[in-house]
Amino acid sequence: MRHLFEKQIPLALVFIIGIIMTIQYFVPHPTSQNVYDTSLMWSRAISSMAYVMAIISFLRFHTKRLKNKNYAPYSLVAILSFTAMVLIGFIGGTAKDSLFQKIYENMMVPLQATTFSLLAFYMSSAAYRAFRIRGVEATVLMITAFIVIFGTTTIGNYVPKMNEIVEWIMAVPNLASKRGIIIGVGLGVVATSIKIILGIERNWVGG
Amino acid sequence: MILRVMLLFLFISPPKVFSPDGTGKKLTIVMNIPDTLRTQITTLNLLRECSDGKLDTLNILPFLKTYTDNELDYRKEYRYKILAYSNGNLIYESEWSEYARPTAKWFDKGKLPLFIVMMVFTIIMIFYIAQARANKPLYLRPIAGLEAVNEAIGRATEMGRPIIYINGLTGISDIATIAALNILSHVTKRAGQFETRIVVPCYDPVVYTIAREIVKEAYTTIGRPDLFNPDDVYFATDSQFGYAAHVAARMVREQSATNFFMGYYFAESLILSETGASTGAIQVAGTDSVAQLPFFVVTCDYTLIGEELYAASAYLSREPLLTGTIKAQDLAKLLLVIIMVLLSLLSLFNVNITLGLF
């Protein structure tokens, strides 16, 4: 019985819905669009249920960590912030000028921007590792990167033909390799979808 | 007075109305207003009359030459009239257009090439699956990143430290996430055999619920349900950089021995992988995000590039039915390369048939 509910029924549902949604993609008729819109509503409903489970997971994870003195301060901040935002949102609403929005704009946004700005330092250390000359490929990479970086700077604009060389690198070898990857990805996406619809790939139900 | 005289002269030329696609919800209106009047228009209205007699006024941008009316009913007919105003004065009024009905079609001809390619690819896949069913041996080229999965798990086992596994930052509707979850199942089974702890912080609530079940099922499959710890598969946050900060902090504090980055990533990819590299962890990444691939290549020990992410599940399981699909992918790629080379050669001789095909 467990096998039926945990394996057979999900696989059958995926097969039926997968075929319906594949056909739906090629049918522009309003009836087909209604099927698509309804499926989107269903997925939103399922997502909202998943959020409940996710919040329980979040609270349980941090509550347990309160017992560990190494993690307790961080988890306490997480729980307090979460509780405060929920209460402020419920009591004062989430309208444009609400306290909820003010906290979001003046705390969350700067915090996210700060983490994002760390990328500048990470890029420098990653670039150092990438440009160390270890072989032919690394040498080619370093020379190409140097040309592109130099060509996009102000000084690079004064070097004759530099802009054309940079444009050529970006538009020909760079774009060609990108397209090669994208074609492979496209086929991979279709193959994975077919495998899941046909029930060949069933790791998502535990194998 | 002058405006009124002008209006009498211009009380002609109804707008042209046609159905742009087969969705049965749209009508495109071509407004042939004389260019001399365009500069004077401050307000442009379209009067819409439905076959059931309902009248509506649509306020549109004055410079528009065509307008697509959405959310119509394909069972009704519509006609339109243009009303142009200059500072509140009517300067142009067209005649009513003919009644037009939004066309509802049962097949989108624009997607025919895609449909053909999909059918050909499906047939190739079914052929190779049949070959695999007949137990014909299929060769798979070695993929360094996947060969390294066992090594990476082994390292975590030797060091007695956890593995951190990330499913990417997109939802379950993204195939890259599904591919990442498939790999998670294999990695969990292998890690479970060595009793190595695997930690899965999740970004998306739906992905969290599925990842939790996958890890639980994987442990059950290898006969070790006792190894499942619900606190190791958890929802961290759905804030992009909040998530990056959380995972980076876990890597540093717990000194994870192995990090897996599978799925689709955005700007946080470098924060995650560079932090992992700084802790000395062995890192395996796999993504189809072309923009983030260079960051992973630089910071990780092994990177699955694009389609390798989708081949990983088959490669790791070595299940004949799954490996058959990889052979189909390779053949489809070969066919595409042949077609592209042929079309490129033809275009060199000014025989340009690509536009007719796609």
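Residues numbered from 1 in each chain as written. Chains lettered and ligands numbered in written order. Predicted model: local features only at pLDDT ≥ 70, side-chain atom pairs only at ≥ 80, totals over all residues. Heavy atoms only, no water.

A. Structural view of the overall build of chain A. A tally of helices and strands in chain A yields 7 helices and 0 strands. Considering only C-alpha atoms, chain A reaches an extent of 70 × 50 × 40 Å along its principal axes. Burial status across chain A gives 26% buried among its 207 residues. For chain A, the share of sequence-separated contacts (at least 6 apart) that also reach a separation of at least 24 residues comes to 26%. With an accessible surface of roughly 13700 Å², chain A has 73% of that area assigned to carbon and sulfur atoms. Across chain A, the mean location of the 18 positive side-chain charges is 13 Å away from that of the 8 negative side-chain charges. (Helix = DSSP H or I, 4+ residues; strand = E, 2+ residues; numbered from the N terminus. Buried < 20%, exposed > 50% of the residue type's maximum accessible area, 1.4 Å probe, protein only. Contact = heavy atoms within 4.5 Å. Areas by Shrake-Rupley, 256 points an atom, 1.4 Å probe, with all protein chains shown as cover. Lys, Arg positive; Asp, Glu negative; His and termini not counted. Charge placed at Lys NZ, Arg CZ, Asp CG, Glu CD.)

B. Spotlight on the nonpolar core. By size, the foremost hydrophobic cluster in this structure holds 54 residues, and its most contacted members are Tyr165, Leu184, Val200, Phe260 and Met262 of chain B. Of the residues forming this core, the biggest block, 10 residues, is contributed by helix 5 (residues 175-193) of chain B. In this view, tyrosine 165 of chain B contacts Ala180, Ile183, Leu184, Val187, Ile198, Val199, Val200, Pro201, Phe260 and Met262 of chain B; residues no more than four positions away in its chain are not counted. In this structure, Leu119 of chain A together with Val199, Leu272 and Cys300 of chain B belong to the second largest nonpolar core, which totals 23 residues. (Core = buried A, V, L, I, M, F, W, Y, C linked by side-chain atoms within 4.5 Å.)

C. Up close: the UniProt feature "transmembrane region" (unreviewed entry) in chain B. When the UniProt feature table is mapped to this numbering, "transmembrane region" (unreviewed entry) covers residues 112-130 and 334-355 of chain B. Its end C-alpha atoms 27 Å apart, residues 112-130 of chain B is made of 100% helix and 0% strand. (UniProt positions renumbered as here; feature names shortened; annotations may be inferred.)

D. Representation of the UniProt feature "domain: DUF6754" (unreviewed entry) in chain B within the structure. As recorded in UniProt, the sites labelled "domain: DUF6754" (unreviewed entry) are residues 103-353 of chain B. The distance separating the terminal C-alpha atoms of residues 103-353 of chain B is 30 Å; by composition the span is 58% helix and 11% strand.

E. Structural view of the sheet that holds strand 8 (residues 163-166) of chain B. All names here are of chain B. In spatial order, the strands read 10-9-8-11-12-13; together these 6 strands make up an open sheet with parallel pairing. The sheet terminates laterally at strand 10 (233-235) and strand 13 (302-305), the two strands that pair on one side only. The sheet shows a mean angle of 15 degrees between the axes of neighbouring strands, direction not considered. Note: strand 9 (residues 198-202) against strand 10, 3 bridges, orientation parallel. In the strand pairing of strand 10, valine 200 is matched with valine 233. Each of strand 8, strand 11 (258-262) and strand 12 (282-287) is contacted by helix 8 (residues 269-278), which is oriented at about 160 degrees to strand 12, the strand it contacts most. (Pairing = 2+ DSSP bridges. Axes fitted to C-alpha atoms, helices over the stretch in contact; angles between N-to-C directions.)

F. Region of the structure containing the pattern of salt bridges. Under the definition given, this model contains 22 salt bridges over all chains. Between glutamate 254 of chain B and arginine 65 of chain A there is a salt bridge, with the nearest N and O atoms lying 3.0 Å from each other. Here glutamate 254 of chain B, found in helix 7 (residues 240-254), pairs with arginine 65 of chain A, found in helix 2 (residues 30-65), and the two come from separate chains. Each member of the pair, glutamate 254 of chain B as well as arginine 65 of chain A, is classed as buried. Look at the salt bridges and you will find they share partners, linking Arg65 of chain A together with Arg197, Asp232, Arg250 and Glu254 of chain B into a network. (Salt bridge = Lys/Arg side-chain N within 4 Å of Asp/Glu carboxyl O.)

G. Examining the domain arrangement of chain B more closely. The domain boundaries assigned to chain B delineate domain 1 (2-93) and domain 2 (138-318). A C-alpha centroid distance of 56 Å is found between domain 1 of chain B and domain 2 of chain B. (Domains from an automatic or database assignment.)

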